[in-house]
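# Tertiary structure, described
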Amino acid sequence: MAETELTVVCKSCGSEVSPYVTECPYCGTRLRKRAPKLERRGDELTARESRRARRRRRAAERHARGPRLAFASERPYVTIASILAPAVLLIVQRAADLSIYRLGVVVGVPGSTNPWWHYLAGPFVYDSIGYLFVIGLAMALCVPYLEHRLGPVAALMLLIACGALGALAAPGLDNAFGDGFTVSAGGNGIALGALGAWFALRRAEVRDDPTEAYDWIPLAVGAIVLLALPLVEDYANAWTGIVGGLVGLAAGFSATLGRR
């Protein structure tokens, strides 16, 4: 076995120690949660490569071999489009003095029906800049990671599914558990779906590599804010958000099954 290189410096005493230990042998300071797993390569023992590091290495190798596929991009185009398109639509609606009900708001009352395209367009229709800002902030935080992990096409389909399925389920759930009157517009279902998928994918990474641990507080705060939106925004339907979040959570967990 090759001699281990001393490449880790203890922040407490300044001593160089092996990268394969969890505590400094000189002062006892905790250096990491656990030692990396080792694997034999020829006559040497080396640290086992984490799945995230392996994905990064393979991506770097593909980039070095030549141009990437046309649909693969490092720029978050889906994130930009999902924020910019509703903003442009809101500007046009205000400038033309259009009723947002003509643009795709989902309305559910006894005996009423919505055109099919309302369920696709409704999650991107806003009547409030504040509502758009909150959803846009959540999208900017979560969707770039989904684009990187799933690809732009899959990320776009996920966002559309979360919004559409949430809007589709809202009238029935309001009729069963509420007052039977539904008004749903805006992307609270999309944002909660993106947050749910982000949580499922990051949770799998942390489970595979404990050194990838992250702060759960921003996640909890974001979920609480998005779930509380219906209390202050008339067009943010609670059932749309809940169903959209569950769809995103299920899609994220499905993406981690059989992952290599």
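Residues numbered from 1 in each chain as written. Predicted model: local features only at pLDDT ≥ 70, side-chain atom pairs only at ≥ 80, totals over all residues. Heavy atoms only, no water.

### Some details on the overall build of the chain
Counting secondary structure elements, the chain contains eight helices and six strands. Mapped from its N terminus to its C terminus, the chain presents α and β elements in the order β-β-β-β-α-α-β-α-α-α-β-α-α-α. Across the 260 residues of the chain, 36% fall into the buried class. Sequence separation of at least 24 residues holds for 65% of the intrachain contacts in the chain that already meet a minimum separation of 6. (Helix = DSSP H or I, 4+ residues; strand = E, 2+ residues; numbered from the N terminus. Buried < 20%, exposed > 50% of the residue type's maximum accessible area, 1.4 Å probe, protein only. Contact = heavy atoms within 4.5 Å.)

### Regarding helix H8 (residues 238–256)
Taking 1.5 Å of rise per residue, the 19 residues of H8 would be expected to cover 27 Å, and the 28 Å separating its terminal C-alpha atoms lies within 8% of that figure. Within H8, the full set of buried residues consists of Thr 240, Gly 241, Val 243, Gly 244, Gly 245, Gly 248, Gly 252 and Thr 256. Considering only its buried residues, H8 is in contact with helix H5 (152–177), strand S6 (182–184) and helix H6 (188–208). One side-chain oxygen of the residue at the start of H8 lies 2.9 Å from the amide nitrogen of Trp 239, identifying that residue as Asn 237. (Expected span 1.5 Å × (residues − 1). Polar contact = N/O pair within 3.5 Å; in protein donor to acceptor, adjacent residues only side chain to side chain.)

### What about the pattern of salt bridges?
For the structure shown, the criterion picks out two salt bridges. Among the ionic pairs, Arg 149 bridges to Glu 205, the shortest N-O distance being 3.1 Å. Residue Arg 149 is located in helix H4 (residues 129–150), and its partner Glu 205 is located in helix H6; the two are separated by 56 residues in the primary sequence. Here Arg 149 falls in the buried class, since its relative accessible area comes to 18%. For Glu 205, a relative accessible area of 5% puts it in the buried group. (Salt bridge = Lys/Arg side-chain N within 4 Å of Asp/Glu carboxyl O.)

### Structural notes on empty space enclosed by the protein
Overall, the coordinates contain two cavities of 30 Å³ or more when judged by the stated rule. The set of elements that each furnish at least two residues to the lining of the largest cavity consists of helix H2 (77–96) and H4. Among the elements that take part in the lining of the largest cavity, H4 stands out by supplying four residues, more than any other. (1 Å grid on protein atoms, 1.4 Å probe; cavity = no way out; pocket = protein on both sides within 12 Å on 5 of 7 lines; lining within 4 Å. Points joined across faces, edges and corners; volume = space filled by probe spheres on them.)

### Describing the nonpolar core
Counting 35 residues, the largest nonpolar core has Val 105, Tyr 131, Ile 135, Leu 146, Leu 159, Leu 226 and Tyr 235 as its most contacted members. Among the elements of the structure, H2, H4, H5, H6 and helix H7 (217–228) are those that each provide at least two residues to this core. With nine residues, H4 is the single largest residue contributor to this core. In contact with Ile 135, other than residues within four places in its own chain, are Tyr 126, Gly 187, Asn 188, Ala 191, Leu 226 and Leu 229. (Core = buried A, V, L, I, M, F, W, Y, C linked by side-chain atoms within 4.5 Å.)

### Quick word on a nonpolar patch on the surface
Together, Tyr 77, Ile 80, Leu 84, Val 88 and Val 92 make up an exposed nonpolar region whose accessible area comes to about 470 Å². Assignment of secondary structure puts Tyr 77 in helix H2. (Patch = residues over 30% accessible without salt bridge, like charges linked within 9 Å, V, L, I, M, F, W, Y side chains within 5 Å. Areas by Shrake-Rupley, 256 points an atom, 1.4 Å probe, with all protein chains shown as cover.)

### So, the side chain of Asn 237
In this fold, Asn 237 is placed in the loop between H7 and H8. Using a relative accessible area of 8% as the deciding quantity, one classes Asn 237 as buried. Apart from the residues lying within four places of it in its own chain, the contact partners of Asn 237 are Ala 170, Asp 174, Thr 182, Val 183, Ser 184, Asn 188 and Pro 230.

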